[in-house]
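Breakdown of the fold
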Amino acid sequence: MVTRRTTAATAPAPSRTASPASAPVVPLRPAREVAEVRALVEALPDPELPMLSLGDLGVIRSVAPAADGVLEVHVTPTYLGCPALPAIVSAIQDVLTANGHPEGRVRQVLSPPWTTELITPAGREALAAHGIAPPVSAPAGGPVGVALAQAPCPHCGSRATRPHSDFGPTRCQSVLRCTACHELFPHLSAL
């Protein structure tokens, strides 16, 4: 039989009600490099058009340390009053916090304004693959007004399309009708 002896040298068990000042400090996860954070932010899906990443949509302007050393993400909304902006800011803040930048900031930048020319080729392909006619790119040499009827049908490719409604599934989309295949489809309006 084994007996235990208690001596004065035996340390008492730690108290379960230790004060926060005496609690061990858990270090934050090491901060990722700026380029890694930018890649993670740009990979976030757009809340209204989840087939597009924020990078493909072209709304992420910069990810860089500010003058005070805090990492800042500059975002340009697709238009003023974009209802997706709070969700975008929250998702970016979550990425910053999860990657070692809990003090990071998200700033809305309005100048220069966002245009559909900022959508990447991969983003345009993703829109078309999901039945949304991407905006028609302006030819080299300058902007050109684009009529809605010039957007090709994402179903059959015909340019014989016409406006059906100025109001689409989101505020930045309209609805067109293809006169060749008779399908309705959303069109990301050129801004």
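Check the entry above for the structure.
1. Thoughts on the overall build of the chain
From N to C terminus, the chain includes 4 helices and 6 strands. Helices (α) and strands (β) of the chain occur, in sequence order from the N terminus, as α-α-β-β-α-β-α-β-β-β. Across the 191 residues in the chain, those meeting the buried criterion constitute 31%. Carbon and sulfur atoms provide 60% of the accessible area of the chain, an area that totals close to 11500 Å².

2. Section: the nonpolar core
Ile 60, Val 73, Val 75 and Ile 92 are the most contacted members of the largest nonpolar core, which has 28 residues in total. Counting only elements with at least two residues in this core, the list comes to α1 (34-42), α2 (54-57), β1 (60-65), β2 (71-75), α3 (85-98) and α4 (121-129). Broken down by element, this core gets its largest block of residues, 5 residues, from α3. Excluding anything up to four places from it in sequence, Ile 92 contacts Val 41, Leu 44, Leu 54, Ile 60, Val 73, Val 75 and Val 106. If you look at the next biggest cluster of nonpolar residues, it comprises 6 residues, including Ala 151, Leu 176, Cys 178 and Phe 185.

3. Focus on empty space enclosed by the protein
One pass over the structure, following the stated rule, counts 1 cavity of 30 Å³ or more. As a volume, the largest cavity reaches approximately 90 Å³. In terms of lining, the largest cavity is formed by 14 residues, of which the most central are Asp 46, Glu 48, Leu 57, Thr 78 and Cys 82. When grouped by side-chain class, the residues that make up the lining of the largest cavity number 11 nonpolar, 1 polar and 2 charged.

Conventions and cut-offs
- Residues numbered from 1 in each chain as written.
- Predicted model: local features only at pLDDT ≥ 70, side-chain atom pairs only at ≥ 80, totals over all residues.
- Heavy atoms only, no water.
- Helix = DSSP H or I, 4+ residues; strand = E, 2+ residues; numbered from the N terminus.
- Buried < 20%, exposed > 50% of the residue type's maximum accessible area, 1.4 Å probe, protein only.
- Areas by Shrake-Rupley, 256 points an atom, 1.4 Å probe, with all protein chains shown as cover.
- Core = buried A, V, L, I, M, F, W, Y, C linked by side-chain atoms within 4.5 Å.
- Contact = heavy atoms within 4.5 Å.
- 1 Å grid on protein atoms, 1.4 Å probe; cavity = no way out; pocket = protein on both sides within 12 Å on 5 of 7 lines; lining within 4 Å.
- Points joined across faces, edges and corners; volume = space filled by probe spheres on them.
- Nonpolar A, V, L, I, M, F, W, Y, C, P; charged D, E, K, R; others polar.

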